[in-house]
Amino acid sequence: VANPDQGAAPASDDCPVSLADEAPYLLASAASLRDFRRRLLRAGRAREWLRVDMRRFRPNIVVEGALPWEEDTWKRIRIGRVEFHVWQRCGRCLMTTFDRDSLRRDDALKVLRGLRERPSEQGPGCGCAQSNFGMHLIPAAGFPAEISVGDELEVLERDPEREREWLQQHGPVWQLGLRYALGVPSRLF
């Protein structure tokens, strides 16, 4: 299954997606969530700032210790003993506009769009640009792929194009790292 709006072919044709619609794993960074929440507050969206937590983005892997949006640069990683292809950014759907406790919609996605919207591979004017949060992962050796909270994440390879893009947005002031710890999604970061 491929999302044509993201433009990346799957790393493997025989990868089961279970309950996911594009990839079996979705990795998100606690630092990216903190940065997004900070931007919500700056944009005068105090209500959304209070309510946006990691549950809204539904990752099954959360990493601690990376820089905001650094996960965008990764191409291959190892978590514990399992190697993953970091396939593509996760284009976020309308479900991210719903508060998980009240089920009321809010405008958090508008702020995410302003921060993280990427044009579609189909070109401008198609109405299908993507607002991204998190990265899709596919286990390199197939399934089962067992990882645990507290496992170390090691960056094995970065995507040169995505790394250039990250450096343009965030500058060389931040130092890209190589090793991180998996965290547990919590209510607020």
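Use the structure listed above.
Residues numbered from 1 in each chain as written. Predicted model: local features only at pLDDT ≥ 70, side-chain atom pairs only at ≥ 80, totals over all residues. Heavy atoms only, no water.

Colleague: An account of the overall build of the chain is requested, with residue identities and associated values reported.
Modeller: Secondary structure assignment for the chain yields four helices and eight strands. Secondary structure elements of the chain occur, N-terminal to C-terminal, as β-α-α-β-β-β-α-β-β-β-α-β. Here the chain, with 189 residues, has 46% of them falling under the buried criterion. With the model as given, the accessible surface of the chain reaches about 9,800 Å², and the carbon-plus-sulfur share is 51%. (Helix = DSSP H or I, 4+ residues; strand = E, 2+ residues; numbered from the N terminus. Buried < 20%, exposed > 50% of the residue type's maximum accessible area, 1.4 Å probe, protein only. Areas by Shrake-Rupley, 256 points an atom, 1.4 Å probe, with all protein chains shown as cover.)

Colleague: Give a detailed account of helix α1 (residues 30-42), specifying residues and quantitative values.
Modeller: End to end, α1 covers 18 Å across 13 residues, agreeing with the expected 18 Å (1.5 Å per residue, within 8%). Buried within α1 are the following residues: Ala30, Ala31, Ser32, Leu33, Asp35, Phe36, Arg37 and Leu40. For α1, the side-chain oxygen to backbone nitrogen distance between the N-cap and Ala31 is 3.1 Å, and the N-cap itself is Ser29. Phi turns positive, to about 80°, at Gly44, one or two residues after α1. (Expected span 1.5 Å × (residues − 1). Polar contact = N/O pair within 3.5 Å; in protein donor to acceptor, adjacent residues only side chain to side chain.)

Colleague: Which residues make up the pattern of salt bridges, and what values go with them?
Modeller: Per the stated rule, a full pass over the model turns up 13 salt bridges. Note that Glu83 is salt-bridged to Arg76, the shortest N-O span being 2.6 Å. Three or more residues joined by partner-sharing salt bridges are found here, namely Arg51, Asp53, Arg55 and Asp101. (Salt bridge = Lys/Arg side-chain N within 4 Å of Asp/Glu carboxyl O.)

Colleague: Pulling in residues and values, what's your account of the packing of aromatic side chains?
Modeller: Counted under the stated rule, the structure contains four aromatic pairs. Ring centres of Tyr25 and Phe84 lie 5.4 Å apart, and the angle between their planes is 80°; on these two criteria the pair is classed as edge-to-face. Taken as a pair, Tyr25 in strand β1 (residues 25-29) and Phe84 in strand β4 (residues 82-91) lie far apart in primary sequence, 59 residues in all. For Tyr25, a relative accessible area of 14% corresponds to the buried category. According to the relative accessible area criterion, Phe84 is buried, its value standing at 0%. Centroid distance Phe36 to Phe57: 6.1 Å. Interplanar angle 75°. Geometry classified as edge-to-face. Placement of Phe36 in helix α1 and of Phe57 in the loop between α2 (46-51) and β2 (61-64) is noted, with a sequence separation of 21 residues between them. Each member of the pair Phe36 and Phe57 is classed as buried. (Phe/Tyr/Trp six-rings, centres within 6.5 Å; stacked < 30°, edge-to-face > 60°.)

Colleague: An account of the pairing of β1 is needed here, citing residue identities and associated values.
Modeller: Buried residues dominate β1, accounting for five of its five residues. Burial along β1 is two-sided: the face carrying Tyr25, Leu27 and Ser29 and the face carrying Leu26 and Ala28 are both buried. Two strands pair when backbone bridges link them, and β1 and β2 are joined in this way by three bridges, in the parallel orientation. Following the sheet pairing, Ser29 is matched in β2 by Val63. (Pairing = 2+ DSSP bridges.)

Colleague: Talk me through the environment of Leu137; I want residue IDs and the actual numbers.
Modeller: Checked against the element boundaries, Leu137 lands in strand β6 (residues 130-139). Sequence separation of Leu137 and Leu26 is 111 residues, and the distance between their C-alpha atoms is 6.0 Å. For Leu137, the contacting residues outside a window of four places in its chain are Ala23, Pro24, Tyr25, Leu27, Ile61, Ile77, Ile79, Phe84, His85 and Val86. (Contact = heavy atoms within 4.5 Å.)

Colleague: Give a detailed account of the pairing of β4, specifying residues and quantitative values.
Modeller: For β4, a buried count of eight out of 10 residues is recorded, marking the element as mostly surrounded by other parts of the structure. Relative to β4, strand β3 (residues 74-79) runs antiparallel, the two being bridged by four bridges. Among the inter-strand pairings, Ile77 is bridged to a residue of β4, identified as Phe84. Between the end of β3 and the start of β4, which pair antiparallel, lie two residues, with Gly80 showing a positive phi angle near 60°.

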